[in-house]
Amino acid sequence: MMEATLQKLKKEFFAFRNGIVADTLRKHFPYKIVFGLQLPQLAQIAAHTDKSMALAERLWSERGNRESRLLATYLFPLDELTPDSALKLASEVETSEEADMMVFRVLKRLPFANLILQQMEDREDISEYLKDALRNHLS
């Protein structure tokens, strides 16, 4: 089931791919795979994909694929995240784009967002950019 869903998502990535945008993004981000999808296209894919911790974690684990990482932020079921799992996700953010999406789609929406921010403050493995983004959304 998971593999079929992943294949379906990858086909959608290919359908929406934009080579010009992808070429530009590849110059600025560390991903091996960039389809060049824009956020409205990712939102459209997410709208007809069931939220699932297993699926979101699998997509998030694809560190070399920009669209997989960003789509994952739409699919994390917020009611299943714990402070520890949210901190782990925050520590795995690799780009400013991921940080923005993680804050906007996940962290700021958690009932314990302020606690997460407090716990992130002293951690060097979490980017200052992500901390600032969360601070700005919570203030």
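In this text the structure is predicted, and so the values were computed from the model without any measurement.

What counts as what
- Residues numbered from 1 in each chain as written.
- Predicted model: local features only at pLDDT ≥ 70, side-chain atom pairs only at ≥ 80, totals over all residues.
- Heavy atoms only, no water.
- Helix = DSSP H or I, 4+ residues; strand = E, 2+ residues; numbered from the N terminus.
- Rg over C-alpha atoms; globule rule 2.2 N^0.38 Å.
- Buried < 20%, exposed > 50% of the residue type's maximum accessible area, 1.4 Å probe, protein only.
- Contact = heavy atoms within 4.5 Å.
- Areas by Shrake-Rupley, 256 points an atom, 1.4 Å probe, with all protein chains shown as cover.
- Lys, Arg positive; Asp, Glu negative; His and termini not counted.
- Charge placed at Lys NZ, Arg CZ, Asp CG, Glu CD.
- Core = buried A, V, L, I, M, F, W, Y, C linked by side-chain atoms within 4.5 Å.
- Polar contact = N/O pair within 3.5 Å; in protein donor to acceptor, adjacent residues only side chain to side chain.
- Phe/Tyr/Trp six-rings, centres within 6.5 Å; stacked < 30°, edge-to-face > 60°.
- Lys NZ or Arg CZ within 6 Å of the ring centre and 35° of its normal.

Let's talk about the overall build of the protein
Part 1: Across its full length, the protein holds nine helices and zero strands.
Part 2: When the helices and strands of the protein are listed from N to C terminus, the series reads α-α-α-α-α-α-α-α-α.
Part 3: Rg of the C-alpha trace for the protein: 15 Å, near the compact-globule value of 14 Å for 139 residues, within the 12% margin.
Part 4: Principal axes of the C-alpha set define a box for the protein whose edges measure 40 × 35 × 20 Å.
Part 5: Burial status across the protein gives 45% buried among its 139 residues.
Part 6: Partitioning the contacts of the protein with sequence separation of at least 6, the portion at a separation of at least 24 is 69%.
Part 7: Surface accessibility of the protein: about 7500 Å² in total, with carbon and sulfur atoms responsible for 53%.
Part 8: Within the protein, the 21 negative side-chain charges are centred at a point lying 6 Å from the centre of the 19 positive side-chain charges.

Focus: the nonpolar core
Part 1: Ranked by internal contacts, the top residues of the largest apolar core, which has 40 residues, are Leu-71, Phe-76, Leu-107, Met-120 and Leu-130.
Part 2: Contributing elements (two or more residues each) for this core: α1 (2-16), α3 (39-47), α4 (53-60), α5 (66-75), α6 (83-92), α7 (96-105), α8 (113-120) and α9 (128-138).
Part 3: Excluding its chain neighbours within four sequence positions, the residues that come into contact with Leu-107 are Ala-86, Ala-90, Met-102, Ala-113, Ile-116, Leu-130 and Leu-134.
Part 4: With five residues, the next largest nonpolar core counts Leu-25, Phe-29, Tyr-31 and Val-34 among its residues.

Description of the side chain of Thr-73
Part 1: If you trace the backbone, Thr-73 turns up in helix α5.
Part 2: At 2.6 Å, the side chain of Thr-73 and the backbone oxygen of Leu-70 are in polar contact.
Part 3: The residues touching Thr-73, leaving out its near neighbours within four places in the chain, are Trp-60, Met-101, Met-102, Arg-105 and Val-106.

Here we look at the packing of aromatic side chains
Part 1: Enumeration over the complete set of coordinates arrives at three aromatic pairs.
Part 2: For the pair Phe-13 and Phe-35, a centre-to-centre distance of 5.5 Å together with 45 degrees between the ring planes defines the contact as tilted. Of this pair, Phe-13 sits in helix α1 while Phe-35 sits in the loop between α2 (19-28) and α3; the two residues are 22 residues apart in sequence, bridging distant segments of the chain.
Part 3: Under the relative-accessibility criterion, Phe-35 is labelled buried at 9%.
Part 4: Both rings, one in Phe-14 and one in Phe-35, keep their centres 4.9 Å apart while their planes meet at 75 degrees; by these two values the pair is edge-to-face. Taken together, the residues span a long stretch of sequence, with Phe-14 in helix α1 and Phe-35 in the loop between α2 and α3 at a distance of 21 residues.
Part 5: The exposure class assigned to Phe-14 is partly exposed, which follows from its relative accessible area of 46%.
Part 6: Within the aromatic cluster, the residues linked to one another by ring pairs are Phe-13, Phe-14 and Phe-35.
Part 7: Arg-69 extends its terminal NZ or CZ atom over the ring of Trp-60, reaching a point 3.7 Å from the ring centre.
Part 8: Here Arg-109 stacks its cationic end above the ring of Phe-104, 5.4 Å away from the centre of that ring.

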